[in-house]
Amino acid sequence: GGVRPLLVLDGVVAGYQDCTVLRGVDLAIHPGEVVALLGANGAGKSTTCAAVAGDLPIAAGGVLLDGEDVTAWPAHRRARAGILLAPEGRGVFPGLTVEENLRTWLPDPEPVYDRLPQLAERRGVLAGALSGGEQQLLTLAPALVRPPRVLIADEPSLGLAPLVVRQVFEVFGELRERGVALLLVEEKATEALAIADRVAFMQLGRVTWTGPRSEVDSERLAAAYLGIG
Ligand code: ATP
(Lines give C-alpha, C1' and ligand atoms only; values in the text may rest on other atoms or scores of the structure.)
Protein backbone atom coordinates (compact mmCIF):
# COMPACT_ATOMS: atom_id res chain seq x y z
CA GLY A 1 0.00 0.00 0.00
CA GLY A 2 0.93 3.63 0.17
CA VAL A 3 1.32 4.30 -3.52
CA ARG A 4 -1.77 5.93 -4.92
CA PRO A 5 -3.33 4.60 -8.12
CA LEU A 6 -2.26 6.27 -11.35
CA LEU A 7 -5.62 5.67 -12.98
CA VAL A 8 -8.97 5.57 -11.23
CA LEU A 9 -12.41 5.00 -12.70
CA ASP A 10 -14.99 6.03 -10.17
CA GLY A 11 -18.52 4.94 -11.01
CA VAL A 12 -18.12 5.71 -14.70
CA VAL A 13 -21.39 5.83 -16.63
CA ALA A 14 -21.12 6.17 -20.42
CA GLY A 15 -22.59 4.86 -23.65
CA TYR A 16 -23.69 5.68 -27.13
CA GLN A 17 -26.64 7.95 -28.01
CA ASP A 18 -29.57 6.57 -25.99
CA CYS A 19 -27.78 3.36 -25.07
CA THR A 20 -26.02 3.28 -21.69
CA VAL A 21 -23.23 0.67 -21.77
CA LEU A 22 -21.14 1.46 -18.69
CA ARG A 23 -23.32 1.43 -15.60
CA GLY A 24 -20.88 2.55 -12.95
CA VAL A 25 -17.41 1.15 -13.63
CA ASP A 26 -15.00 1.16 -10.68
CA LEU A 27 -11.37 0.33 -11.34
CA ALA A 28 -7.94 1.45 -10.10
CA ILE A 29 -4.52 0.77 -11.61
CA HIS A 30 -1.25 1.50 -9.83
CA PRO A 31 2.04 2.51 -11.44
CA GLY A 32 3.83 -0.56 -12.75
CA GLU A 33 0.70 -2.67 -12.55
CA VAL A 34 -0.97 -4.63 -15.34
CA VAL A 35 -4.72 -5.11 -14.97
CA ALA A 36 -6.40 -7.52 -17.37
CA LEU A 37 -10.01 -6.60 -18.06
CA LEU A 38 -11.88 -9.76 -18.99
CA GLY A 39 -15.49 -10.56 -19.74
CA ALA A 40 -18.01 -11.76 -22.25
CA ASN A 41 -18.60 -10.10 -25.62
CA GLY A 42 -20.56 -6.90 -25.19
CA ALA A 43 -19.75 -6.54 -21.48
CA GLY A 44 -18.32 -3.08 -22.15
CA LYS A 45 -14.54 -3.63 -22.22
CA SER A 46 -13.87 -1.59 -25.37
CA THR A 47 -16.28 1.08 -24.19
CA THR A 48 -14.30 1.31 -20.95
CA CYS A 49 -11.11 1.84 -22.96
CA ALA A 50 -12.80 4.57 -24.98
CA ALA A 51 -14.07 6.26 -21.82
CA VAL A 52 -10.57 6.33 -20.33
CA ALA A 53 -9.00 7.64 -23.54
CA GLY A 54 -11.61 10.38 -23.81
CA ASP A 55 -13.23 9.11 -26.99
CA LEU A 56 -16.61 8.94 -25.33
CA PRO A 57 -18.42 11.48 -23.15
CA ILE A 58 -18.84 10.43 -19.53
CA ALA A 59 -22.38 10.90 -18.25
CA ALA A 60 -21.65 10.33 -14.55
CA GLY A 61 -18.77 9.33 -12.35
CA GLY A 62 -15.20 10.28 -13.13
CA VAL A 63 -11.74 9.41 -14.39
CA LEU A 64 -8.70 10.44 -12.35
CA LEU A 65 -5.13 10.50 -13.63
CA ASP A 66 -2.67 10.57 -10.73
CA GLY A 67 -5.34 12.17 -8.58
CA GLU A 68 -6.32 14.78 -11.14
CA ASP A 69 -9.88 14.79 -12.44
CA VAL A 70 -9.63 14.43 -16.25
CA THR A 71 -13.30 13.51 -16.78
CA ALA A 72 -14.04 16.63 -18.81
CA TRP A 73 -10.79 16.57 -20.78
CA PRO A 74 -10.93 15.80 -24.51
CA ALA A 75 -8.92 12.89 -25.89
CA HIS A 76 -5.99 14.96 -27.16
CA ARG A 77 -5.51 16.56 -23.75
CA ARG A 78 -5.57 13.17 -22.03
CA ALA A 79 -3.06 11.90 -24.59
CA ARG A 80 -0.75 14.82 -23.85
CA ALA A 81 -1.08 14.06 -20.14
CA GLY A 82 0.15 10.51 -20.79
CA ILE A 83 -2.89 8.35 -21.47
CA LEU A 84 -2.14 6.28 -24.58
CA LEU A 85 -4.70 4.09 -26.30
CA ALA A 86 -3.09 1.31 -28.36
CA PRO A 87 -3.14 0.14 -31.07
CA GLU A 88 -4.91 3.21 -32.44
CA GLY A 89 -2.87 5.51 -30.17
CA ARG A 90 -0.93 7.42 -32.75
CA GLY A 91 -1.65 5.36 -35.81
CA VAL A 92 0.82 5.10 -38.62
CA PHE A 93 1.06 7.02 -41.88
CA PRO A 94 0.61 4.27 -44.48
CA GLY A 95 2.15 6.37 -47.28
CA LEU A 96 5.39 6.97 -45.37
CA THR A 97 8.18 4.47 -44.83
CA VAL A 98 8.90 2.99 -41.41
CA GLU A 99 11.85 5.36 -41.08
CA GLU A 100 9.78 8.39 -42.11
CA ASN A 101 7.05 7.39 -39.67
CA LEU A 102 9.54 7.21 -36.82
CA ARG A 103 11.13 10.52 -37.83
CA THR A 104 7.77 12.32 -37.61
CA TRP A 105 8.18 12.25 -33.82
CA LEU A 106 11.75 11.09 -33.18
CA PRO A 107 14.94 12.72 -34.50
CA ASP A 108 16.95 9.50 -34.22
CA PRO A 109 15.16 6.16 -34.77
CA GLU A 110 18.14 4.05 -33.65
CA PRO A 111 16.80 3.38 -30.12
CA VAL A 112 13.67 1.90 -31.70
CA TYR A 113 15.72 -0.22 -34.12
CA ASP A 114 17.86 -1.51 -31.25
CA ARG A 115 14.78 -2.66 -29.38
CA LEU A 116 12.70 -3.84 -32.37
CA PRO A 117 15.18 -5.16 -34.97
CA GLN A 118 12.50 -6.23 -37.43
CA LEU A 119 11.54 -2.58 -37.85
CA ALA A 120 15.18 -1.85 -38.72
CA GLU A 121 15.02 -4.48 -41.43
CA ARG A 122 11.86 -2.86 -42.79
CA ARG A 123 13.00 0.76 -42.43
CA GLY A 124 12.62 1.56 -46.14
CA VAL A 125 9.23 -0.12 -46.55
CA LEU A 126 5.98 1.86 -46.68
CA ALA A 127 4.10 1.43 -43.41
CA GLY A 128 0.97 0.53 -45.38
CA ALA A 129 2.80 -2.49 -46.77
CA LEU A 130 3.80 -3.88 -43.35
CA SER A 131 2.12 -6.92 -41.84
CA GLY A 132 -0.44 -6.27 -39.12
CA GLY A 133 2.09 -7.30 -36.50
CA GLU A 134 4.80 -5.03 -37.84
CA GLN A 135 2.32 -2.15 -37.89
CA GLN A 136 1.40 -2.94 -34.30
CA LEU A 137 5.06 -2.81 -33.27
CA LEU A 138 5.43 0.49 -35.14
CA THR A 139 2.51 2.00 -33.23
CA LEU A 140 4.04 0.83 -29.93
CA ALA A 141 7.47 2.29 -30.76
CA PRO A 142 6.68 5.75 -29.30
CA ALA A 143 5.68 4.13 -26.00
CA LEU A 144 9.08 2.44 -25.76
CA VAL A 145 11.03 5.63 -26.28
CA ARG A 146 8.76 7.90 -24.25
CA PRO A 147 6.63 5.70 -22.02
CA PRO A 148 3.10 6.93 -21.39
CA ARG A 149 1.79 7.01 -17.82
CA VAL A 150 -1.21 4.88 -18.66
CA LEU A 151 -1.33 2.46 -21.60
CA ILE A 152 -4.72 1.10 -22.62
CA ALA A 153 -4.33 -1.89 -24.91
CA ASP A 154 -7.60 -2.98 -26.49
CA GLU A 155 -7.20 -6.41 -28.08
CA PRO A 156 -3.52 -5.84 -28.89
CA SER A 157 -2.97 -9.37 -30.20
CA LEU A 158 -5.99 -9.43 -32.50
CA GLY A 159 -5.02 -11.09 -35.77
CA LEU A 160 -1.31 -11.22 -34.97
CA ALA A 161 1.03 -14.18 -35.43
CA PRO A 162 2.17 -15.85 -32.17
CA LEU A 163 5.74 -14.55 -32.49
CA VAL A 164 4.56 -10.94 -32.79
CA VAL A 165 2.09 -11.44 -29.94
CA ARG A 166 5.03 -12.47 -27.77
CA GLN A 167 6.97 -9.37 -28.80
CA VAL A 168 4.01 -7.10 -28.08
CA PHE A 169 3.69 -8.63 -24.61
CA GLU A 170 7.44 -8.22 -24.09
CA VAL A 171 6.99 -4.52 -24.79
CA PHE A 172 4.21 -4.44 -22.20
CA GLY A 173 6.45 -6.16 -19.65
CA GLU A 174 9.17 -3.59 -20.26
CA LEU A 175 6.70 -0.73 -19.86
CA ARG A 176 5.43 -2.20 -16.61
CA GLU A 177 8.99 -2.25 -15.27
CA ARG A 178 9.23 1.41 -16.18
CA GLY A 179 6.19 2.22 -14.04
CA VAL A 180 3.45 2.41 -16.65
CA ALA A 181 -0.07 1.53 -15.51
CA LEU A 182 -1.44 -0.88 -18.08
CA LEU A 183 -5.07 -1.73 -18.78
CA LEU A 184 -5.18 -4.79 -20.99
CA VAL A 185 -8.28 -6.03 -22.79
CA GLU A 186 -7.53 -9.34 -24.40
CA GLU A 187 -9.56 -12.15 -25.89
CA LYS A 188 -6.68 -14.53 -25.34
CA ALA A 189 -7.19 -14.95 -21.59
CA THR A 190 -4.10 -17.14 -21.26
CA GLU A 191 -1.82 -14.43 -22.65
CA ALA A 192 -3.50 -11.78 -20.56
CA LEU A 193 -3.29 -13.82 -17.35
CA ALA A 194 0.39 -14.55 -17.98
CA ILE A 195 1.26 -10.87 -17.66
CA ALA A 196 -1.53 -9.53 -15.42
CA ASP A 197 -0.89 -8.57 -11.81
CA ARG A 198 -4.57 -8.14 -11.22
CA VAL A 199 -7.69 -9.21 -13.05
CA ALA A 200 -10.99 -7.38 -13.35
CA PHE A 201 -14.10 -9.13 -14.62
CA MET A 202 -16.69 -7.11 -16.40
CA GLN A 203 -20.32 -7.95 -16.80
CA LEU A 204 -23.19 -5.84 -18.12
CA GLY A 205 -21.29 -2.59 -17.84
CA ARG A 206 -19.83 -3.08 -14.38
CA VAL A 207 -16.68 -4.52 -12.86
CA THR A 208 -18.12 -7.39 -10.86
CA TRP A 209 -14.93 -8.83 -9.42
CA THR A 210 -11.34 -7.75 -9.10
CA GLY A 211 -8.46 -9.55 -7.47
CA PRO A 212 -4.93 -10.82 -7.87
CA ARG A 213 -4.22 -13.17 -10.76
CA SER A 214 -3.44 -15.92 -8.24
CA GLU A 215 -7.10 -15.96 -7.24
CA VAL A 216 -8.31 -16.55 -10.79
CA ASP A 217 -9.09 -20.21 -11.40
CA SER A 218 -10.82 -21.89 -14.33
CA GLU A 219 -14.16 -21.83 -12.57
CA ARG A 220 -14.02 -18.07 -12.08
CA LEU A 221 -12.87 -17.61 -15.67
CA ALA A 222 -15.68 -19.70 -17.06
CA ALA A 223 -18.21 -17.80 -14.98
CA ALA A 224 -16.86 -14.47 -16.20
CA TYR A 225 -17.04 -15.45 -19.86
CA LEU A 226 -20.46 -17.01 -19.55
CA GLY A 227 -21.67 -13.93 -17.69
CA ILE A 228 -22.70 -15.81 -14.58
CA GLY A 229 -19.87 -14.66 -12.31
P1 ATP B 1 -16.20 -7.45 -27.30
O2 ATP B 1 -15.38 -8.44 -26.54
O3 ATP B 1 -17.24 -8.10 -28.15
O4 ATP B 1 -15.42 -6.39 -28.01
P5 ATP B 1 -16.75 -5.54 -25.23
O6 ATP B 1 -16.83 -6.03 -23.85
O7 ATP B 1 -15.53 -4.82 -25.67
O8 ATP B 1 -17.09 -6.72 -26.21
P9 ATP B 1 -18.10 -3.19 -26.11
O10 ATP B 1 -17.45 -3.21 -27.45
O11 ATP B 1 -17.68 -2.17 -25.15
O12 ATP B 1 -18.01 -4.61 -25.43
O13 ATP B 1 -19.66 -3.07 -26.37
C14 ATP B 1 -20.60 -2.96 -25.32
C15 ATP B 1 -21.97 -2.65 -25.88
O16 ATP B 1 -21.92 -1.38 -26.53
C17 ATP B 1 -22.44 -3.63 -26.92
O18 ATP B 1 -23.80 -3.90 -26.68
C19 ATP B 1 -22.26 -2.92 -28.22
O20 ATP B 1 -23.23 -3.30 -29.15
C21 ATP B 1 -22.42 -1.48 -27.84
N22 ATP B 1 -21.63 -0.58 -28.70
C23 ATP B 1 -20.30 -0.66 -28.90
N24 ATP B 1 -19.89 0.31 -29.74
C25 ATP B 1 -20.99 1.01 -30.09
C26 ATP B 1 -21.24 2.14 -30.93
N27 ATP B 1 -20.25 2.76 -31.58
N28 ATP B 1 -22.51 2.58 -31.04
C29 ATP B 1 -23.52 1.97 -30.37
N30 ATP B 1 -23.37 0.91 -29.56
C31 ATP B 1 -22.12 0.43 -29.41
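Numbers given for residues are sequential positions, taken from 1 along each chain in its written order. Local features are withheld for residues below a pLDDT of 70 in this predicted model, meaning they are given only at 70 or higher, and side-chain atom pairs are given and counted only at 80 or more; totals for whole chains, interfaces and linings count all residues. By convention in this description, side-chain values take in all heavy atoms of the structure and omit both hydrogens and water.

### Let's talk about the overall build of the protein chain
And step 1. In terms of regular secondary structure, the protein chain is built from 9 helices and 10 strands.
And step 2. Its C-alpha radius of gyration of 18 Å places the protein chain within 12% of the 17 Å reference for a compact globule of 229 residues.
And step 3. Reported as C-alpha extents along the three principal axes, the dimensions of the protein chain are approximately 50 × 40 × 40 Å.
And step 4. When burial is assessed residue by residue, the protein chain has 52% of its 229 residues classed as buried.
And step 5. Note on contacts: a residue pair qualifies if any of its non-hydrogen atoms lie within 4.5 Å across the two residues. The contacts in the protein chain between residues at least 6 apart in sequence include a share of 66% that link residues at least 24 apart.
And step 6. Entry remark: accessible area of the protein chain is about 10,600 Å², with carbon and sulfur atoms responsible for 53%.
And step 7. In the protein chain, 21 positive and 28 negative side-chain charges are present, and the distance between their average locations comes to 3 Å. Numbered from the N terminus, helices here are DSSP runs of H or I no shorter than four residues, and strands are runs of E no shorter than two. A radius of gyration in this sense is built from C-alpha atoms; the matching globule rule multiplies 2.2 Å by the number of residues raised to 0.38. Throughout, exposure labels follow a simple rule: accessible area from a 1.4 Å probe, protein chains only, divided by the maximum for the residue type, with under 20% read as buried, over 50% as exposed, and the rest as partly exposed. Shrake-Rupley sampling with a 1.4 Å probe provides the accessible areas, and residues are treated as covered by the protein chains on show and by no other component. Charged-residue counts in this description rest on Lys and Arg as positive and Asp and Glu as negative, His and the chain ends being excluded. Working definition for charges: the position is that of NZ of Lys, CZ of Arg, CG of Asp or CD of Glu.

### Quick word on the pattern of salt bridges
And step 1. A pair is scored as a salt bridge if a Lys or Arg side-chain nitrogen falls within 4 Å of a carboxyl oxygen belonging to Asp or Glu. Per the stated rule, a full pass over the model turns up 9 salt bridges.
And step 2. E174 is the salt-bridge partner of R115, the closest N and O atoms lying 2.4 Å from each other. With a gap of 59 residues between them, R115 in helix α4 (residues 110–115) and E174 in helix α7 (residues 162–177) connect regions that are remote in the sequence.
And step 3. On the basis of relative accessible area, R115 is assigned to the partly exposed category, the value being 26%.
And step 4. Within the structure, one salt-bridge network assembled from shared partners comprises R4, D66 and R149.

### Structural notes on the site of the ligand
And step 1. Taken together, Y16, V21, A40, N41, G42, A43, G44, K45, S46, T47 and E187 form the complete shell of residues around the ligand.
And step 2. By the criterion applied in these results, polar contacts are pairs of N or O atoms within 3.5 Å in which, for protein atoms, one can donate a hydrogen and the other can accept it, and in which residues neighboring in sequence qualify only through two side-chain atoms. In the model, a nitrogen atom of the ligand is placed 3.4 Å from a nitrogen or oxygen of the Y16 side chain.
And step 3. Contact with the protein chains hides 57% of the accessible area of the ligand, taken as 630 Å² for the molecule alone.
And step 4. A total of 3 residues in the shell around the ligand trace back to one element, the largest contributor, which is helix α1 (residues 45–53).
And step 5. Following the grouping adopted for this structure description, the nonpolar residues are Ala, Val, Leu, Ile, Met, Phe, Trp, Tyr, Cys and Pro, the charged ones are Asp, Glu, Lys and Arg, and the polar ones are all others, Gly among them. For the shell around the ligand, a count of residues per class yields 4 nonpolar, 5 polar and 2 charged. Whether a residue is near a molecule or strand depends on its heavy atoms: it is near if one of them lies within 4 Å of it.

### Here we look at the sheet that holds strand β1 (residues 7–16)
And step 1. Strands qualify as paired when DSSP identifies two bridges or more between them. Taken in spatial order, the 4 strands line up as β2-β1-β4-β5 in an open sheet, and their pairing is antiparallel. Each edge of the open sheet is held by one strand with a lone partner, namely β2 (19–29) and β5 (68–69).
And step 2. Strand direction decides the pairing type here: β1 and β2, joined by 8 bridges, are antiparallel. Following the sheet pairing, Y16 is matched in β2 by C19.

### Considering unusual backbone geometry
And step 1. Of note in this structure, Q17 is not a glycine but carries a positive phi near 40°.
And step 2. Tracing the sequence through the fold places Q17 in the loop between β1 and β2.
And step 3. Despite not being glycine, E155 shows a phi value in the positive range, around 55°.
And step 4. On the secondary structure map, E155 appears in the loop between β7 (150–154) and α7.

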